[in-house]
Amino acid sequence: MSIFKTRVFKFGIGLLFLVLGVYIFANKYAQSKVENLLSEKLPPQFELEYKSLSIDILSGSANLNEVLFQIKNVNLDSIKSVFNIESIQLSGLGINALIQGEHIELNRLEISKPIGYYTPTLIAKDSTASEAKQPNPLKGIHIENLEIKEASITLRDKKTDSNSLNIGNAELAFSELSVNLQNGPKPKIYFEDYEVDMGSLFVQASEFDELEIDLISGNKEQTNIEGIAFRTIPSPQELSKMIPKERDHYELLIDQMSLRELGLFEPGSDYSLSAGFIDIAGLDLAIYRDKLPVDDFSYKPTVNEMIRNIPWPFRVDSISITPKKINYQERVVVANQGGQLFFADGHIAIQNLSNQLPETEDTEINIQSRFMGKADIEVLWTFNSNNPEDSFRFSGNCKNVQLDALNAFCQPNLNTLMAGELKTLFFDFSGDSNQSLAKVKVRFKDVEIAVLKKKDGRRNKFFSSMANFIVRNNSENKNGVYKEEQVTVTRDKTKSQFNFLYLNLKESMMRAFL
C-alpha cells in the first residue's frame, strides 16, 4: 500500500471516529438538554419521571418508557393527578429548541396507554408559586400531530374524593396543537382538527344523576355520539325518601347525536365553542315530580338567564331534535303515584342558540308534536339571552283535543274526570322575568266535568252539578264560536319558567271556560 493510500485510510478512519464521537457527544448533549427540559422547564405543578430515555439527534426523535406524570396542587405540597404511561415517542425536536428551551416544536408526539386520574380546579388563579421557581420557564409548545392511544382517564371529584368521570379505551389525535404557557397557571390550548374514537364514557353528574355514553367518534367536521343515557339512579319512590326538598326524577335516552362544523377554542373566534348544526335523533324523555316533599323556595332563573350565565361564549346555528316521546308525571296525593301527560313524535327546531346574540337577533324554538299522542300542537318560542329583562314570546296553536285524554292526569291528581272537545286553541304569551300578558282564542263544545268521591271514586253528584253550572259547556257567544280572553300573570320566581308558562295557560283558559 502506498504512503498516500495509507494516509487517506488513516484520515478516513479518523474522520469516521470524529463523526461518531460528535454524534455520540451530540446525543449525550441532546439527552442532557431533554432531561433538563423535563425536570426544570416544565411548570412547577408538573412532574415527569421515566425509566429510560433514548435520543437520536439525526432524526430529532426521543423515546421515553414507563413514564409517571404527576400534577401537584397550587401550593406544590400534594399530588392531585397521576398518569402512568407506557411510552412517549416524539419526533422533529430541533436542536435550537433544546438549547433555548423556551418553545418546543415537534412534528409528532405519540402517547401510548395513559392510565390515571385528573382532578379539575386544582390550580388557583392567584397562585404565584410557579413564577418564583423558574427564571426561564417554558413558554409554549407546538405539535403538528399528537396521538393518544388506548387512554383510560378518570376525573375525580375534589369534594367527595370519588370518580366523577371515566373514559375507557379512547383513541385521540390532534393536528397543529399549540399550548401557550404564558397565560399564568392555566395554559391556553388551540388545535386545527381532532379525531376521536372513544368506547365508553361515564359521568357522575350529581349526587343522584349519571350520564353514560356508548360511543363517541369523528372530527371537527362531524362528531357522532351514540347511546346517550342520562338517568336519576334511585327509583322515583326511593328518591322521594332521600331528598329534603322537591326535585325532578329524570330518564333521558338519545339514540344518536351528530355535531357538525365544530369550532373549539379557535384563535380569533368570538366563541370558545361553536357548531353549525346539531342533529339529535331518537330522544325519549321521562320526568317525574313528587309534590309531596317540601317545596324548594330557592330562586329559579329563566331559560334566558341560564344561557346568559354559561361562563364561556358559545353559539350553535341550528339544532334539530326528533323526539320519540316526552312524558311528564306528577304526584300530588299519597294515595297514588300521580297522573301523566305526554307528547309523542313531532320535531323540534332551534335556531341561533347563543349567549352572545346581538340585540337584533333572537333564539327561535319551533315545536311540532302530538299532545297525548293525538292532538296536533305547534309552538314558537322566541327570546334573546342577552336581554337583561328576559323578554320572551311563547305562541302557538293546538287542535282536536279530546278532553277525556286529560283524565290520565286529572283523575289521580285532581280527582276529576273531563269530557268534551277542544276544537281549536290559539295562545300567545309575552312578557319578561316578572310578568306576562296571556292571550287565548279558543273553540270548545260539550264540556262536562265529573267530581269524584275520594273514598270510592264514584261521581259526586252535588259537586259535579256545581262544577258544570260554573263551567261553560261550549264557547259560543254573541261574538261567534270562539271565546277570547287575556290576563296578566305574575311570575313566581321560586318556580321555573316552565311553571310560568303553565300559569299563563291555566289563568287564561280558566277565564275562557267560566
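All values derive from a computational prediction rather than experimental measurement.

Participant: How would you summarise the overall build of the protein chain if you had to cite specific residues and measurements?
Facilitator: Counting secondary structure elements, the protein chain contains 8 helices and 21 strands. Within the protein chain, the fraction of its 514 residues that count as buried is 40%. Look at the contacts in the protein chain between residues 6 or more apart in sequence, and 60% of them connect residues 24 or more apart. As presented, the protein chain carries roughly 28500 Å² of accessible surface, and 55% of it is formed by carbon and sulfur atoms.

Participant: Report on the packing of aromatic side chains, specifying residues and quantitative values.
Facilitator: Under the definition given, this model contains 16 aromatic pairs. With a centroid separation of 5.9 Å and 80° between ring planes, the pair formed by W381 and F498 is classed as edge-to-face. Placement of W381 in strand β17 (residues 375-383) and of F498 in helix α8 (residues 497-513) is noted, with a sequence separation of 117 residues between them. Residue classification places W381 among the buried residues on the basis of a relative accessible area of 6%. The class for F498 is exposed, based on a relative accessible area of 53%. Taken together, W381, F383, F394, F427, F429 and F498 form an aromatic cluster joined through their ring pairs.

Participant: Pulling in residues and values, what's your account of the pattern of salt bridges?
Facilitator: Per the stated rule, a full pass over the model turns up 23 salt bridges. Of the charged contacts, one joins E212 and R231 as a salt bridge, the two residues approaching to 3.8 Å between their closest N and O atoms. Remark: R231 occurs in strand β10 (residues 222-232) and E212 occurs in strand β9 (residues 209-219); sequence separation between them is 19 residues. When its relative accessible area of 38% is taken as the criterion, E212 is described as partly exposed.

Participant: Which residues make up the pairing of strand β13 (residues 273-290), and what are the values?
Facilitator: Here strand β11 (residues 248-260) pairs with β13 via 12 bridges, running antiparallel. For L252, the partnering residue across the bridge sits in β13 and is L285. Two elements, strand β12 (residues 263-264) and β13, share 2 bridges in a ladder whose sense is antiparallel. Each bridged residue has a counterpart across the sheet, and for L264 the counterpart in β13 is L273.

Participant: Pulling in residues and values, what's your account of a negative patch on the surface?
Facilitator: Together, E105, E144, E176 and E192 make up a negatively charged patch on the protein surface. Relative to the assigned elements, E105 resides in strand β4 (residues 103-118).

Participant: So what's going on with the environment of K325? Which residues, and what values?
Facilitator: Here K325 is to be found in strand β14 (residues 314-331). As for K325 and G373, which are separated by 48 residues in sequence, their C-alpha atoms are 8.9 Å apart. Sequence-distant contacts of K325, that is, excluding residues within four places in its chain, are made with L283, D284, L285, F342, F343 and A344.

Participant: Which residues make up the side chain of E421, and what values do they have?
Facilitator: In this structure, E421 sits in strand β19 (residues 416-431). Residue classification places E421 among the buried positions, given a relative accessible area of 15%. Leaving out residues up to four positions away in the same chain, E421 has contacts with N400, V401, Q402, L403, R443, F444 and K445.

Participant: Explain helix α6 (residues 407-414) residue by residue, including any values.
Facilitator: Where α6 is concerned, the buried positions are N407, F409, C410 and N413. What you see down the axis of α6 is that its buried residues fit within an arc of 165°, all on one side. In this fold, the buried residues of α6 make contact with β14, β15 (339-354) and β19. Count one or two residues on from α6 and you reach N415, which has phi positive near 60°.

Participant: Requested: an account of the confidence of the model for the protein chain, with residues and values cited.
Facilitator: Looking at the protein chain as a whole, the pLDDT averages 86, with 83% of positions reaching at least 70. Note that pLDDT drops below 50 for residues 122-136; the model gives that stretch 26 contacts with residues more than four away or on any other chain.

Participant: Explain the environment of Y271 to me, using residue names and the numbers behind them.
Facilitator: Its location among the elements puts Y271 in the loop between β12 and β13. In this structure the C-alpha to C-alpha distance between Y271 and S354, which are 83 residues apart in sequence, comes to 9.4 Å. Those residues in contact with Y271 that sit more than four places away from it in its chain are P313, F314, R315, S354 and Q356.

Participant: Pulling in residues and values, what's your account of unusual backbone geometry?
Facilitator: Residues other than glycine predominantly adopt negative phi, and peptide bonds predominantly adopt the trans conformation. The backbone phi angle of M372 is positive, close to 55°, even though this residue is not glycine. Here M372 shows up in the loop between β16 (363-371) and β17. M372 sits in the buried class, given a relative accessible area of 9%. Of note, the phi angle at N400 is positive, near 60°, even though the residue is not glycine. For N400, the position within the fold is in strand β18 (residues 392-402).

Participant: Before we move on, can you summarise a nonpolar patch on the surface with the specific residues and values?
Facilitator: Taken together, the side chains of F469, I470, M510 and L514 present a nonpolar region at the surface, about 470 Å² in accessible area. The topology assignment puts F469 in helix α7 (residues 461-470).

Participant: Give me the lowdown on the environment of D290, citing residues and values where you can.
Facilitator: Of note, D290 is situated in strand β13. Of the residues examined, D290 reaches a relative accessible area of 5% and is grouped as buried. Taking the C-alpha atoms as reference points, D290 and R331, separated by 41 residues in sequence, lie 4.8 Å from one another. Filtering out sequence-adjacent residues up to four positions away, D290 remains in contact with S240, E246 and R331. Separated by 2.7 Å, the side chains of D290 and S240 make a polar contact. Within polar-contact distance, the side chain of D290 engages the side chain of R331 at 3.2 Å.

About the thresholds
Residues numbered from 1 in each chain as written. Predicted model: local features only at pLDDT ≥ 70, side-chain atom pairs only at ≥ 80, totals over all residues. Heavy atoms only, no water. Helix = DSSP H or I, 4+ residues; strand = E, 2+ residues; numbered from the N terminus. Buried < 20%, exposed > 50% of the residue type's maximum accessible area, 1.4 Å probe, protein only. Contact = heavy atoms within 4.5 Å. Areas by Shrake-Rupley, 256 points an atom, 1.4 Å probe, with all protein chains shown as cover. Phe/Tyr/Trp six-rings, centres within 6.5 Å; stacked < 30°, edge-to-face > 60°. Salt bridge = Lys/Arg side-chain N within 4 Å of Asp/Glu carboxyl O. Pairing = 2+ DSSP bridges. Patch = residues over 30% accessible without salt bridge, like charges linked within 9 Å, V, L, I, M, F, W, Y side chains within 5 Å. Lys, Arg positive; Asp, Glu negative; His and termini not counted. Charge placed at Lys NZ, Arg CZ, Asp CG, Glu CD. Arc of directions from axis to C-beta. pLDDT = per-residue confidence, 0-100. Polar contact = N/O pair within 3.5 Å; in protein donor to acceptor, adjacent residues only side chain to side chain.

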